[in-house]
Amino acid sequence: MMVATEFTPVSALLGGAMIGLSALLLLAGSGRIAGISGIVGNMLTARGADLSWRMAFTIGLLGGAAAWLYLTPPGTLELNLQAGLPLMLLAGFVVGVGTRLGRGCTSGHGVCGIGRVSPRSITATMVFMLTAGITVYVTRHLIGGGA
Amino acid sequence: MNIVVALIAGLLFGLGLAVSQMMDPAKVLNFLDVAGAWDPSLMLVMGGAVAVTMPGFYVILKQPHPLFSPRFFLPYVGHIDPALLGGAALFGIGWGLAGLCPGPALAGLVSGNGDIVGFVLMMLLGYRITGYLEERRAARATL
């Protein structure tokens, strides 16, 4: 199931800069932080204007991803799932609990929080990078037998 | 106007995730797998994003208020507490299990893959249950 990928520095920097620009636009225009877990997770309880901007952001995100996925030549973007359904469900639940408890994910803490030089976000990013790395080491090299 | 801002920001965000291939769980896991065939791309995605947000946020947050909103809605930056550490640790474990964090998981819905739909539904469930338990605990603490 393990799929090798190539280092793609140009598209990585370009895509990263677009994510950064998105965060700038949202903060400069609406004063909001572009943290996906919060934007989407709090959509369930938001009402009125607070709900509509979250929905607009989500629709935009889906549209942007769909445009690239379906308008570029096949193979430009592949989604190689690396876990079966039971593990996907477990992982999704753990990500939901963790991002609520820790108040953010890769975008809120990693991109926006570090951009604000927030000690909380810098700490959170180091912690989730570390536990993610350990998890991959355990599942791929200790349990999975490497490859 | 805030809806237009959010729509364009979302569009840019989704395009960024797609262009950088962060929607591909294999690419994310190969970044996290430093002991395997390491793919450093994710580091440059975050680096590219922070290179924009750090100077940009510095300038924006010096303004009295955002363009179309009376104030900035900002989370706390201080106080590192057990919830932050435990939550971040848990999030990392889930991220490492599937190679999906909330942004790419959401963007991946457009592929129509049922497993990704399952991931996102469970993510929302986990988020909401935790939020509910936090609210109940806070309500009890103020009694």
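Calculation criteria
Residues numbered from 1 in each chain as written. Chains lettered and ligands numbered in written order. Predicted model: local features only at pLDDT ≥ 70, side-chain atom pairs only at ≥ 80, totals over all residues. Helix = DSSP H or I, 4+ residues; strand = E, 2+ residues; numbered from the N terminus. Buried ≥ 20, exposed ≤ 12 C-beta atoms within 10 Å, placed from the backbone. Contact = placed C-beta atoms within 7 Å. Axes fitted to C-alpha atoms, helices over the stretch in contact; angles between N-to-C directions. Parallel < 35°, antiparallel > 145°, perpendicular 65-115°, else oblique. Left-handed = near helix turned anticlockwise from the far one by under 90°. Nonpolar A, V, L, I, M, F, W, Y, C, P; charged D, E, K, R; others polar. Expected span 1.5 Å × (residues − 1). Core = buried A, V, L, I, M, F, W, Y, C linked by C-beta atoms within 7 Å. pLDDT = per-residue confidence, 0-100.

1. Looking at the overall build of chain B
Here comes step 1: Helix and strand counts for chain B stand at six helices and zero strands.
Here comes step 2: Counted from the first residue to the last, chain B has its helices and strands arranged as α-α-α-α-α-α.
Here comes step 3: Each principal axis of the C-alpha atoms in chain B carries an extent, and together these give about 50 × 40 × 30 Å.
Here comes step 4: Considering chain B as a whole, with its 143 residues, one finds that 51% of them fall into the buried category.
Here comes step 5: In chain B, of all internal contacts separated by at least 6 residues, the share reaching a separation of at least 24 is 39%.

2. Quick word on the overall build of chain A
Here comes step 1: Within chain A, the regular secondary structure consists of six helices and zero strands.
Here comes step 2: Projected onto the principal axes, the alpha-carbon positions of chain A cover approximately 50 × 40 × 30 Å.
Here comes step 3: Burial status across chain A gives 56% buried among its 147 residues.
Here comes step 4: Long-range pairs, those at least 24 residues apart, make up 46% of the contacts in chain A with a sequence separation of at least 6.

3. So, the packing of helix α1 (residues 9-30) of chain A against helix α1 (residues 2-19) of chain B
Here comes step 1: At a minimum axis separation of 7 Å, α1(A) and α1(B) run at an interaxial angle of 165°. Considering the angle they form, α1(A) stands roughly antiparallel to α1(B). In terms of crossing hand, the pair formed by α1(A) and α1(B) is left-handed. In this structure, α1(A) contributes S11(A), L14(A), G15(A), G16(A), M18(A), I19(A), L21(A), S22(A), L25(A), L26(A), G29(A) and S30(A) to the contact, and α1(B) contributes N2(B), V5(B), A6(B), I8(B), A9(B), L12(B), F13(B), L15(B), G16(B), L17(B) and V19(B).
Here comes step 2: Broken down by class, the residue content of the contact of α1(A) with α1(B) amounts to 15 nonpolar, eight polar and no charged.

4. Observations concerning helix α6 (residues 114-141) of chain B
Here comes step 1: Between its first and last C-alpha atoms α6(B) spans 41 Å; for 28 residues at 1.5 Å apiece the expected length is 40 Å, and the two agree.
Here comes step 2: Buried residues along α6(B) sit against α2 (36-41) and α4 (85-101) of chain A together with α4 (82-98) and α5 (102-108) of chain B.

5. Considering the interface of chain B and chain A
Here comes step 1: In this complex, chain B contributes 106 residues to the contact, which on the side of chain A involves 104 residues.
Here comes step 2: Where the side of chain B that touches chain A is concerned, the elements lending two or more residues are α1, α2 (25-32), α3 (41-60), α4, α5 and α6 of chain B.
Here comes step 3: Of all the elements, α1(B) adds the most residues to the side of chain B that touches chain A, at 17 residues.
Here comes step 4: Among the residues forming the side of chain B that touches chain A, the class breakdown is 68 nonpolar, 31 polar and seven charged.

6. Structural notes on the nonpolar core
Here comes step 1: In this structure, A65(A), A91(A), A9(B), A18(B) and F119(B) are the most contacted members of the largest nonpolar core, which totals 88 residues.
Here comes step 2: At eleven residues, the largest contribution of residues to this core is made by α1(A).
Here comes step 3: Filtering out sequence-adjacent residues up to four positions away, F119(B) remains in contact with M88(A), L89(A), A91(A), G92(A), A98(B), L100(B) and A105(B).

7. Describing helix α3 (residues 49-71) of chain A
Here comes step 1: If you check α3(A), its first and last C-alpha atoms are 32 Å apart, about what 23 residues at 1.5 Å a residue would give, namely 33 Å.
Here comes step 2: What α3(A) keeps buried is the set W53(A), R54(A), A56(A), F57(A), T58(A), G60(A), L61(A), G64(A), A65(A), W68(A) and L69(A).
Here comes step 3: The inward-facing, buried residues of α3(A) abut α1 and α2 of chain A together with α1 and α5 of chain B.

8. Things to note about the confidence of the model for chain B
Here comes step 1: For chain B, the mean per-residue pLDDT works out to 96, and 99% of the residues sit at or above 70.
Here comes step 2: Interface confidence in the predicted complex, given as ipTM, is 0.96; pTM for the same model is 0.96.

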